[in-house]
Amino acid sequence: CWLAEQVGPEGHVTAIDISSEQLELAQSRANLRGLSNIEFIELSVYDLMKLNRNFDLVYSRLVLDHLIDPPRALQEIIAIVKPNGTLCFESNAFSAKTSFCYPENAAHTKHWDWYLNLRRTSAYHVDFGIKLPQLLKQLGLTEVKLELAQAMLNTQYQREHCIFVTEECAKAYQKHNISTAEEIAELISELRKAVLNTDIQMAFYLMAQVSARNVNRP
C-alpha cells in the first residue's frame, strides 16, 4: 500500500505472495485506503519469470530469510528487473545482543534466546541481511548498499511483539524440547509485566536494508 501511494495514480504496483490469506489481507487494506493501482498475484518467488513482465523496482521484505534456496530466488528477482532498475531488500540482521532491553529484563532475554534456538532448527536465516550484499555482487549487481536500521518498540502493541512470537512458537518450542508448556506460560506472564513497565525500553532486532542496481543486464 505504501509503495502504491508513492508511485501515485500514474504508477502501478504488483503485489506477490505465495499465501492467499496474506494477499486477501493486503487487498482489504488497499480497499480501505482507496488504492486501485495494485494488482495482487498468488505466486512463488521461484516462479517470478512466469509473469512475463519487467519492473522498474522490486522490493522484498523478510522473504529471502525464509527460503531454502535464496540464490535461486534472487536469480528470479533479478530477471524481472528492467535494465538499470533497482532492487531493495529488507532482511534480518538478527542477534540476541542487538535486540536489547534496558534495563535488562530476564524474560525478554529468554524470549529471544528461545526464538534463536528454534530458528536454528529450520531453514530460517537469522542474519541473512548481512550476507546479502556480497551475494548480490556475486550475481552481477552493482551499486550495492547496506544500511542497518533498528526500531524502538514504543507502543504497547509494538512491545507485545515478544508475547505474540512466544504464543505463535509455543508448539514448536515444545516439539524441539526448547521449553515446556509450563515454562512458556511462565515466560508469557513475565513478558506481560515487562511490556506494561514503561520504565523498560525495548528495541526490535536489527534490520538490514540493502539496495542494488541491475546495471549490467543487457
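Note: the structure precedes this text.
Remember, it's a predicted structure, so these values are computed and weren't measured experimentally.

## Comments concerning the side chain of Asn92
Part 1 of the argument: Structurally, the position occupied by Asn92 is in strand S4 (residues 81–92).
Part 2 of the argument: On the accessibility criterion, Asn92 (1% relative accessible area) is buried.
Part 3 of the argument: Excluding residues that lie within four positions of it along the chain, Asn92 makes contacts with Leu62, Asp65, Tyr124, His125, Val126, Asp127, Phe128, Gly129, Ile130, Tyr205, Leu206 and Met207.

## Topic: the side chain of Ser44
Part 1 of the argument: Positionally, Ser44 belongs in the loop between strand S2 (38–42) and strand S3 (55–61).
Part 2 of the argument: Exposure remark for Ser44: the relative accessible area of 16% places this residue in the buried category.
Part 3 of the argument: A distance of 3.1 Å separates a polar atom in the side chain of Ser44 from the backbone nitrogen of Tyr46.

## Considering unusual backbone geometry
Part 1 of the argument: A cis amide bond links Tyr102 with the next residue in sequence, Pro103, at an omega value of -5°.
Part 2 of the argument: Its location among the elements puts Pro103 in the loop between strand S5 (101–102) and helix H4 (106–119).
Part 3 of the argument: A positive phi angle, close to 55°, is found at Asn52, a residue other than glycine.
Part 4 of the argument: Its location among the elements puts Asn52 in the loop between S2 and S3.
Part 5 of the argument: One non-glycine residue, Leu62, adopts positive backbone phi at about 55°.
Part 6 of the argument: Inspection of the secondary structure assignment puts Leu62 in the loop between S3 and helix H3 (70–79).

Definitions and cut-offs
Residues numbered from 1 in each chain as written. Predicted model: local features only at pLDDT ≥ 70, side-chain atom pairs only at ≥ 80, totals over all residues. Heavy atoms only, no water. Helix = DSSP H or I, 4+ residues; strand = E, 2+ residues; numbered from the N terminus. Buried < 20%, exposed > 50% of the residue type's maximum accessible area, 1.4 Å probe, protein only. Contact = heavy atoms within 4.5 Å. Polar contact = N/O pair within 3.5 Å; in protein donor to acceptor, adjacent residues only side chain to side chain.

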